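The primary structure of each chain is shown beneath.
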Amino acid sequence: MSEASVPPVADRRELTAAQRNAVAELLRVSPVADELGRRFARAGHELHLVGGSVRDALLGRLGDDLDFCTDAHPDQTLKIVRGWAESVWETGREFGTIGCQRDGLRLEVTTFRAEAYDQVSRNPIVEYGSSLTEDLKRRDFTVNAMAVSLPDHRFTDPHGGLDDLAAKVVRTPGTPQESFGDDPLRMLRAARFAAQLRFAVHPDVRAAMNRMAADLDRITAERIRDEFTKLLCGADPVTGLRLLVDTGLAERFLPELTGLKLEIDEHAQHKDVYEHTLTVVSNAISLESDGPDFVLRMAALMHDVGKPDTKAVGSDGRVSFHHHEVVGARLTKARMKALRYPKDVTSQVVKLVGLHLRFYGYGRGEWTDSAVRRYVTDAGDLLSRLHKLTRSDCTTRNRRKAAQLAGDYDALEERIARIAADEDLARVRPDLDGNAIMELLDVPPGPIVGRAWKHLKELRLEHGPLDRDAAEAELLRWARAEGVSD
């Protein structure tokens, strides 16, 4: 479905035309939706395009995933789409949703719902509703509470979503207290909308987020993780992050972010760590080359979370944060584990946080080729991200210092490239493999081979490649010193 086919919302005078065009173009470009509507009508049921699909059509950013609602129950929906859809799935059946695919479009059809929380449990109570009006009223925000009926193309907007879309404001269909009481995750979603769509949050909604932040504790870590990931990967995550901190939501699931608001001493011996962090996130985004990079953004967000626990004031009044990268890596690992992030994603972020200070000192001329090799080897396949994170971390307003740091890092990258031209730095291995080690030392597979391999790798990092004779001589020397051979 072509995004260019639907004109974006402009001013209020153009909204009626935008509405008509969005509905007409949506169905003209995608006859699948109209065709599905006729199938439901023949079976005696309603079908409405709803929620984010309508919102995105009006914004000119409609994708290939379409959401519908209906009065048909899941069993009835299955009968209607089977034999017509190219594939069908029932993974959302317990929530009243049946998914299917047709002509490259993913379609999800959900029975009218009257979903609510019991104010105690972490999971929604799903009850089927009886009408489109009831279904739209339970939705999170007015911009998601619009519908296009099929196949008659009737536009329904009972809560002023079109006006709010034009004004770029996040507002709830009912009172924010009712909406957030039903599903506290909507508070986090409001911040995500601010980050993704660059919308402002209505003052009433923001006030309710402040008052009800503690209710987020009722939500599972997985649901919070998914919303936060979408926020951080939005077009303007800094706005969303500020909203999380200012409303107290961050304190409920990411207290390390709030903790960055260190008290600044009267002599300003250290920078504002919180503002610095948000700037680093923005800098990192500007260096992305292929869409949002969650690992890079999360590392930028967490790179200084170890500072509050390592802050020290010396006798001269100077502030230091010794080893904050080590503490920060540990805190990052614990927080991402609590939020149920996959282990591989967590390990990448943790490694970047732990390495983000390694570069400093390079400009003093202290780095040998061995240090460069270790820098590249320790970073591994995260080297490109480490380059971006390190450059993003330079937020000084001192132009001379900023230029010097940038120049130093340019020099480091050039040096890495120069050494890499002679050595495969991306895959540093010992000059002898395990088979050669076992043959030379006449030992079976086991701990001795591992120790020898590690020694040869350290040698390789320290001195660069050795020829075969030199590597064998060094292995035999090590073996004698370790008592492995005579």
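Structure shown above.
Residues numbered from 1 in each chain as written. Predicted model: local features only at pLDDT ≥ 70, side-chain atom pairs only at ≥ 80, totals over all residues. Heavy atoms only, no water.

**Side note on the overall build of the chain**
Thinking step 1. Per the secondary structure count, the chain includes 24 helices and 11 strands.
Thinking step 2. Here the chain, with 486 residues, has 49% of them falling under the buried criterion.
Thinking step 3. Summarising the internal contacts of the chain: among those between residues at least 6 apart in sequence, 64% fall at separations of at least 24. (Helix = DSSP H or I, 4+ residues; strand = E, 2+ residues; numbered from the N terminus. Buried < 20%, exposed > 50% of the residue type's maximum accessible area, 1.4 Å probe, protein only. Contact = heavy atoms within 4.5 Å.)

**So, helix 17 (residues 324-338)**
Thinking step 1. Between the first and last C-alpha of helix 17 there are 21 Å, a value that for 15 residues agrees with the 21 Å anticipated at 1.5 Å per step.
Thinking step 2. Inspection of helix 17 places H324, E325, V327, G328, A329, L331, T332, R335 and M336 among the buried residues, and these make up the whole buried set.
Thinking step 3. Contacts made by the buried residues of helix 17 are with helix 12 (250-253), helix 13 (255-259), helix 15 (294-302), helix 16 (307-310) and helix 18 (343-355).
Thinking step 4. R340, located one to two residues past helix 17, shows a positive phi value of around 65°. (Expected span 1.5 Å × (residues − 1).)

**Some points on the pairing of strand 5 (residues 105-111)**
Thinking step 1. In terms of residue burial, strand 5 counts as a mostly covered element, since 5 of its 7 residues are buried.
Thinking step 2. Two strands pair when backbone bridges link them, and strand 2 (residues 65-70) and strand 5 are joined in this way by 6 bridges, in the parallel orientation. Residue D67 lies in a different strand from strand 5, and its bridge partner there is E108.
Thinking step 3. Here strand 4 (residues 97-102) folds back onto strand 5 in antiparallel fashion, the turn holding 2 residues, of which D103 has a positive phi close to 50°. (Pairing = 2+ DSSP bridges.)

**Quick notes on the packing of aromatic side chains**
The relation between two aromatic rings is expressed through the spacing of the ring centres and the mutual angle of the planes.
Thinking step 1. On inspection of all chains with the given rule, the structure shows 4 aromatic pairs.
Thinking step 2. Relative to F253, the ring of F228 lies with its centre 5.6 Å away and its plane at 70°, an arrangement referred to as edge-to-face. Taken together, the positions of F228 in helix 10 (residues 221-232) and F253 in helix 12 put the pair 25 residues apart, joining distant regions of the chain. Of the two residues examined, F228 and F253, each falls in the buried class.
Thinking step 3. The aromatic ring of Y274 is capped on one face by K261, whose charged end is 4.9 Å from the ring centroid.
Thinking step 4. When the ring centre of F321 is taken as reference, the NZ or CZ atom of K307 above it lies at 4.8 Å. (Phe/Tyr/Trp six-rings, centres within 6.5 Å; stacked < 30°, edge-to-face > 60°. Lys NZ or Arg CZ within 6 Å of the ring centre and 35° of its normal.)

**Quick word on the sheet that holds strand 4**
Thinking step 1. Taking strand neighbours across the sheet as the criterion, the 7 strands line up as 3-4-5-2-1-6-7 in an open arrangement whose pairing is mixed. Looking along the sheet, the strands with just one partner apiece sit at the ends: strand 3 (87-89) and strand 7 (155-156).
Thinking step 2. Pairing analysis gives 2 bridges linking strand 6 (residues 147-150) to strand 7, with the strands arranged antiparallel. Counted as the bridge partner of A147 is T156 from strand 7.
Thinking step 3. Relative to strand 5, helix 2 (residues 31-42) is tilted by about 35°, and along the sheet it contacts strand 1 (47-50), strand 2, strand 4, strand 5 and strand 6.
Thinking step 4. Strands strand 2, strand 3, strand 4 and strand 5 of the sheet are contacted by helix 4 (residues 74-81), whose axis makes an angle of about 10° with strand 4. (Axes fitted to C-alpha atoms, helices over the stretch in contact; angles between N-to-C directions.)

**Concerning the side chain of K307**
Thinking step 1. Here K307 is to be found in helix 16.
Thinking step 2. In contact with K307, not counting residues within four places along its chain, are V273, F321 and H324.

**What about the pairing of strand 2?**
Thinking step 1. Sheet analysis places strand 1 next to strand 2, joined by 3 bridges and oriented antiparallel. Across the sheet, the residue bridging to L47 is T70, located in strand 2.

**Some details on the pattern of salt bridges**
Thinking step 1. Tallying each qualifying case throughout the model produces 29 salt bridges.
Thinking step 2. With a shortest N-O distance of 2.6 Å, E90 and R93 are connected by a salt bridge.
Thinking step 3. Look at R93 and you get partly exposed, because its relative accessible area is 29%.
Thinking step 4. Notably, a salt bridge pairs R340 with E222, separated by 3.6 Å at the nearest N-O pair. With R340 in the loop between helix 17 and helix 18 and E222 in helix 10, this residue pair connects regions lying 118 residues apart in the sequence.
Thinking step 5. Salt bridges sharing common partners tie together D75, R82, E90 and R93. (Salt bridge = Lys/Arg side-chain N within 4 Å of Asp/Glu carboxyl O.)

**Quick look at the environment of A147**
Thinking step 1. Structurally, A147 is set in strand 6.
Thinking step 2. Distance from A147 to G52, taken between C-alpha atoms, is 9.5 Å for residues 95 residues apart in sequence.
Thinking step 3. When sequence neighbours within four positions are dropped, the list of residues in contact with A147 reads H48, L49, V50, V54, L132, L136, R154, F155 and T156.

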